[in-house]
Every structure is written in structure tokens, then in C-alpha cells.
Amino acid sequence: MIIAAAVYLFGGLAALATLLMLFQRDPVKAAMLMLAALLSTAGLYLALSAQLLAALQIILYAGAIMTLFIVALTTTPAAWRDKPAKASFTKVLGLAAAAVILTELLKLSAALKTAAFSRAFSETGTLELARALFGRFAFQFELLSLVILASIVAAVALAASSGKPAVQPPAEKKEAA
Amino acid sequence: MIQEPLSYAASALSGPLLLVLAAFACLLLPLFFRQLRGTQGLIALGATLVAITFYRKAPPAEFSFFCGALLLSPLSAYLWAFALAVLALVLVLSIARPAAPEESQGEYYFLLFMAATGLMVLVAAGDLFTAFIALELLSLPLYALAGIRRSKPGLEAAYKYFMLGAFGSGMTVMGIAILNALYPALTFTALKTGPAQPLALAGFLLVISGFAFKTALVPFHMWVPDAYEGAPTQVSAFMAASVKAGGVIVLWRLFSLFNGGPIHAIFWWLAVITVVSANFMALAQKGLKRLLAYSSVAHAGYLAVAFFGGQRGFEAVLYYLPVYAMATIGAFSVALLLEKDEKGPLIEDLAGLAKARPWLAGAMSAFMFSLAGVPPLAGFFAKFYAFSGAVNSGYTGLVVIAVLMSAVSIYYYLKVTVIMYMKPAAAERPAEAPGMIEAVIFLLAAGVILAGLFSRPLLILAAEASRWF
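Everything numeric here is computed off the predicted structure, so don't read it as measured data.

About the cut-offs
- Residues numbered from 1 in each chain as written.
- Chains lettered and ligands numbered in written order.
- Predicted model: local features only at pLDDT ≥ 70, side-chain atom pairs only at ≥ 80, totals over all residues.
- Helix = DSSP H or I, 4+ residues; strand = E, 2+ residues; numbered from the N terminus.
- Buried ≥ 20, exposed ≤ 12 C-beta atoms within 10 Å, placed from the backbone.
- Contact = placed C-beta atoms within 7 Å.
- Axes fitted to C-alpha atoms, helices over the stretch in contact; angles between N-to-C directions.
- Parallel < 35°, antiparallel > 145°, perpendicular 65-115°, else oblique.
- Left-handed = near helix turned anticlockwise from the far one by under 90°.
- Nonpolar A, V, L, I, M, F, W, Y, C, P; charged D, E, K, R; others polar.
- Arc of directions from axis to C-beta.
- Core = buried A, V, L, I, M, F, W, Y, C linked by C-beta atoms within 7 Å.

### Let's talk about the overall build of chain A
Then step 1. A count of helices and strands for chain A gives nine helices and zero strands.
Then step 2. Going residue by residue from the N terminus, the α and β elements of chain A occur as α-α-α-α-α-α-α-α-α.
Then step 3. Looking at chain A as a whole, 13% of its 177 residues are labelled buried.
Then step 4. The long-range fraction of contacts in chain A, counting pairs at least 24 apart against all pairs at least 6 apart in sequence, stands at 56%.

This is the structure we're talking about:
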């Protein structure tokens, strides 16, 4: 009962936040609404007792990817001024695509009701993953840490500007224009 | 003589670990100790020389570590020695003429070390998954190194290299995912014994395309000319020597999983298209670095021809890699010495070099003739062994094409020499005192000549290593 309530609550929140995001014209507000949608999806996972997935959802999507979005928004001033296009043709095209996806989703959820519950899925948990990462794939895991570190250093080396600021804050840019 | 696999592994693995440590030292120490700033190159070179000094000959056995992820054998030892030597040469070039701006010196050496570590793991990788991660560790730093000067051609090179490289990586991952779904394990030995499946072919094709991107086989070569031209010349030299070696070893491992069949037919076509188109495209090049880039693509094709020679072919590949690396690093060093801007000298700029600096022109001719495959230089024997293996296995048609195209390549290599010796200089060359770059050039020229005149020692080493495949 309480699980069902939680599922509906988080599911509803996710849907609501996504809808609000779609009709939001300010990119930062849209990003914040998307964050809300991602967090409620994490809640959904938690309600379905997929703790690892919930944690990964928060760490990866809500944490890393949203940060990336926000950083990208602050460093590309053009994105602030670019409002979504108002062309009616693209609107119709978008609505048509949305309709197709919606029908597919409805069909899928109808099919899922009759699908058998897989036992194996519920058993792939944190422990199994940890065993694989620190056992069989320990070497590759450590190697990946070097890859990530090298990427960070590479990004910093490429992005660091020599003396003069490469990116102007959006407010100044507007004044200059 | 070391008997225990563990004690050998400890001594062998300390090489790459030392490189990782040195990378951190180059990156972090100058941040804390002001007086160490500007000495990163020396720290890096010192660490590499220590790694070379403590290099040990591998016992004649293959040890598998980390559930088959890493294979240590005389083969890996041979290729690690190759990687360390390439790294040391590039470090000397970078110290003599810094490739990175003052404030990015630490990052430059860090990334170079990471790429070298990636190469070392890549050539010793026992499964596809490890090979992929190692390939990323090799490529990601190189994307950034190509644009480390943050100048327009450098960033363009980095961008193109990154975009196409990411595309290649995506294909590899997709292929690995397919193979992972079909086979219980991704080690090369398990893949070899696994049953043939139609979907597996798609997986192998994707993986091969991904590695062909890095090895720069046509039609996956688009990034090469721009990346080699725009990147700092020291980095181009490293790319030409190391990325090719890593890609070729993994491609060979994939190639030898099959006995004939569609995969070999695809390699046949890749080799033919590569040698033909790369040599013709090289004819029209005006820039020296661009010429060397197309030459690098052509040599990837010759290496693919060598695959068809079976065990003898692999022996030839192992002999070919250091010989090619010597000639190409040498030629890039000459380009580095003469360059005035980022894109390197034009071939025309070499005019009158024979008069102004006869020794330098002589060394450059040695590199060019070695790349062209003129006896008695090492390049001739490399091509000879590579092609003779394929002929012995009955691929005469392929070898005929490769030899014909090799004859075409003599034209553009000879053009460089003719311009150096026959054309008068447009402007008077300022006399320069010889420095470390010249030392590298003459060392490599001596290497190219001696490895040709006395090809036995290197060939014996290559043959010994190839047995442990």
C-alpha cells in the first residue's frame, strides 16, 4: 500500500516536473525542473527497492550530468539569449513525435502488465556489482580511474586560458551588445 | 634468472607504475615547489631513463594476471621496451623545444606519460575490454596534447581527432557489447575457441573498425593529416610511432582469431585500399608533416599486408614497428628543427638544406629512403620481411599491389631529397649550433642505417618476441 503510494507520488512528481520543464523558456529554470524530475525518478527506483539504481541516478544524472548542464549554460552565453524557435512546422513535428512515443509507451505498459516477473533481475544488487568491480574487473576498474584522471587534466589543460579570460559572463556580454 | 612469475611481474609492472608516479610528480611537484617549475621535462626524462635502466629481459613464458586482463611475456617486454624508447625520444624532443606553453608544462608531461602507460597496457592486454580501456587511456591524452598550445590549428586538430576518435571508440564499444552478449568471456583465447555465430561477425567488424581508426587504415584515416599537421610536432611524432603500434598489435590479435573467412577478406580490402589511396594522396602534399601523415597511413597498409604472412608476418610486424618508428620520429624531428609556425615546414622549405647543413640533409635522406624501402636501409628489410611472409602464404596479388604502390611512394620520398640537394635555398639559413634535436636525429639516422646493415640482432629479438603471441 505504502509502496504503491510512493510509486504514484514519485511518478506523478517526475511527470509534472518534466511537463513543466517542457514549457519553461528560461534554460536555468528548465535545468532545475529537470533536476527535480531526475530526483523523483530516483525516488521511484527507491520505492521499487532498487537502491543501487537510485544512488547511481542521483550521483550520475542529478549530480554529474546536471552540473555539466549548468556549467555548459554558464559558459555559453549564446544559450541565454537563444529562445526556443517559434516556427509552427517544428511544433507540429515535435507534437507528432511526442504522440508516437506516447502510444508506444502505452502499448509497452500494457505489454508489461502481462510480462512475468524475472527473479534474476532482483538479485543483481550492490553486492554483486561490488564483487565484479573489485574482484574480476579490479584491474580494468583501476585503469579507468587513470582514464578519468587523464580526461580531467586534459580538459583543464585545454580550457585553462593563458592570462585573459576566455569566457565573458553573460551580463557583460549583453551590455556590450 | 627469475623463476617466479610473481617476482617477474613485480619487476615488469614497476615500469608502468613508475611512469604513472612520474606523471603525478610532473603535474603536482612544481605546484608546491616553485624552484621545480620548468624542470618537469627533466623529471620526466629521468623517470623514463630509470624505467629503461631497470628493464629486465622476460623469462620465456607467458604469465596471465588479473583474470587474464594482462599478459606478460617476452612479447609484452619487447613492446614495452619499444614504448619506453619512443617515450624517451619524444621527451628529449620536448625538452629541447617545449611543445606546450609555459603554464601547461606539467599537464603536457602528465598526459604524455598517461598515453605511454595506455600504450603499454594496450599491447599487453589479454582481453578486448582491457584493450578498449587502454586504448582510451592512450587516445584521450593525445586528443588534448594535439591542442595543448590552444592555437587555432592545434585546437582544430584536437577537435577533429577527438570527434573521429570518439566515433571510433563508440564503434568499438558497440562491437564489444555485441561480443559480450554472445561469448562468455572476452579474452582473446576464449574468443578464438568460441563457436562462430553470424551476429559475432558484426561485433568483430565494429571492433576492427574502431581499432582501424586508431591505426589509420583507409577509410578510417580522415583524422590523420589534420591531426598530424596541427598537433605540436613532438606530439605528432609520438602519435605516428605509438598509436600505430598499439592499434596494429590489437588488430593482429583480432586477425589471428580467424582462419580465412570474411574477416580476412575485409583485411585484404583494407590493406589494398590503404596502400593504394594513401600513396596517391601523399603525392600531392606540400607540407612536410602532411606528407609524413599520409606516409604513416600507407605504412599502416603495409603492416596490414604483413598480417597475411602468419607467424612470419607477425615477426615482420614486430621488426617493422621500431624501424618505422625510428624513421618517422627522425623525419618529424627534422620538421621540428626547421618549423617556423605550427603547421611545420613545407617541403619547399627544405631547399638548399644540403648546402647549409649537409649532415642534417644526409640524415633526412636516410629517413626518407628508409620509409621508401631502399636497400640497405632498415626500411627495406622491414618491407621485405613483411611482404615475403605474405607471398609465402600465397597472397601474391596483394603483395604485387603493395610493391607497386611502394614504388609510387619512392616518388614523393625522393622529391624531398631532390629538393634538399638540387634546389637552391630561397633565403640564407642562419647558422645554428647543434643541439639536442640534432642529437636525436643523428642517433635515429644511425639506427636506421645500422638496423639495415645489421638487421639480424633486431630481427632475432622480434622473432623471439613473436613466438609468445
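From this point, things continue past the structure.
### Focus: the environment of M239 of chain B
Then step 1. As for its position among the elements, M239 of chain B is in helix α10 (residues 233-255).
Then step 2. Those residues in contact with M239 of chain B, other than ones at most four positions away along the chain, are L142, A227, Y228 and A231 of chain B.

### Things to note about the packing of helix α3 (residues 74-96) of chain B against helix α4 (residues 105-124) of chain B
Packed helices, taken two at a time, are described by the angle their axes make and the gap between the axes.
Residues and elements named next belong to chain B.
Then step 1. The geometry of α3 relative to α4 is characterised by a closest axis approach of 9 Å and an angle of 165° between their N-to-C directions. When the axes of α3 and α4 are compared, the pair comes out roughly antiparallel. The chirality of how α3 crosses α4 is right-handed. From α3, S76, L79, W80, A83, L87 and V90 reach across to α4, where they touch L112, A116, L119, M120, V123 and A124.
Then step 2. Here the contact of α3 with α4 is built from residues that sort into 11 nonpolar, one polar and no charged.

### Comments concerning helix α19 (residues 456-466) of chain B
For an α-helix, the turn length of 3.6 residues means that residues three or four places apart are oriented alike.
Residues and elements named next belong to chain B.
Then step 1. What α19 keeps buried is the set L458, A462, A465 and S466. The buried residues of α19 all sit within an arc of 100° when viewed along its axis, so they share a single face. Among the exposed residues of α19, those oriented more than 90 degrees off its buried face are R456, P457 and I460.
Then step 2. Buried residues in α19 make contact with α3, α13 (310-338) and α18 (436-453).

### Topic: the nonpolar core
Then step 1. Counting residues in each nonpolar core, the largest one holds 194 residues, and the members touching the most others are L111, L137, V305 and Y320 of chain B.
Then step 2. No other element matches α13 of chain B, which puts 19 residues into this core.
Then step 3. Apart from the residues within four sequence positions on either side, Y320 of chain B is in contact with L303, A306, A382 and A386 of chain B.
Then step 4. Core analysis: the second largest hydrophobic core is formed by eight residues, A17, L35, L39 and A42 of chain A among them.

### Some points on the environment of E348 of chain B
Then step 1. Note on placement: E348 of chain B falls in the loop between α13 and α14 (353-356).
Then step 2. According to the C-beta neighbour criterion, E348 of chain B is exposed, with 12 such atoms within 10 Å.

### Comments concerning the environment of G94 of chain A
Residues and elements named next belong to chain A.
Then step 1. Its place among the elements puts G94 in helix α5 (residues 88-114).
Then step 2. For G94, a count of 11 C-beta atoms within 10 Å gives the class exposed.
Then step 3. Taking C-alpha positions, G94 is 27 Å from L112, a pair spaced 18 residues apart along the chain.

### Concerning the interface of chain A and chain B
Then step 1. Taken together, the contact between chain A and chain B spans 16 residues of the former and 28 residues of the latter.
Then step 2. Here the side of chain A that touches chain B takes 14 residues from helix α8 (residues 138-159) of chain A, the largest share from any one element.
Then step 3. Partitioned by chemical class, the residues of the side of chain A that touches chain B number 12 nonpolar, three polar and one charged.

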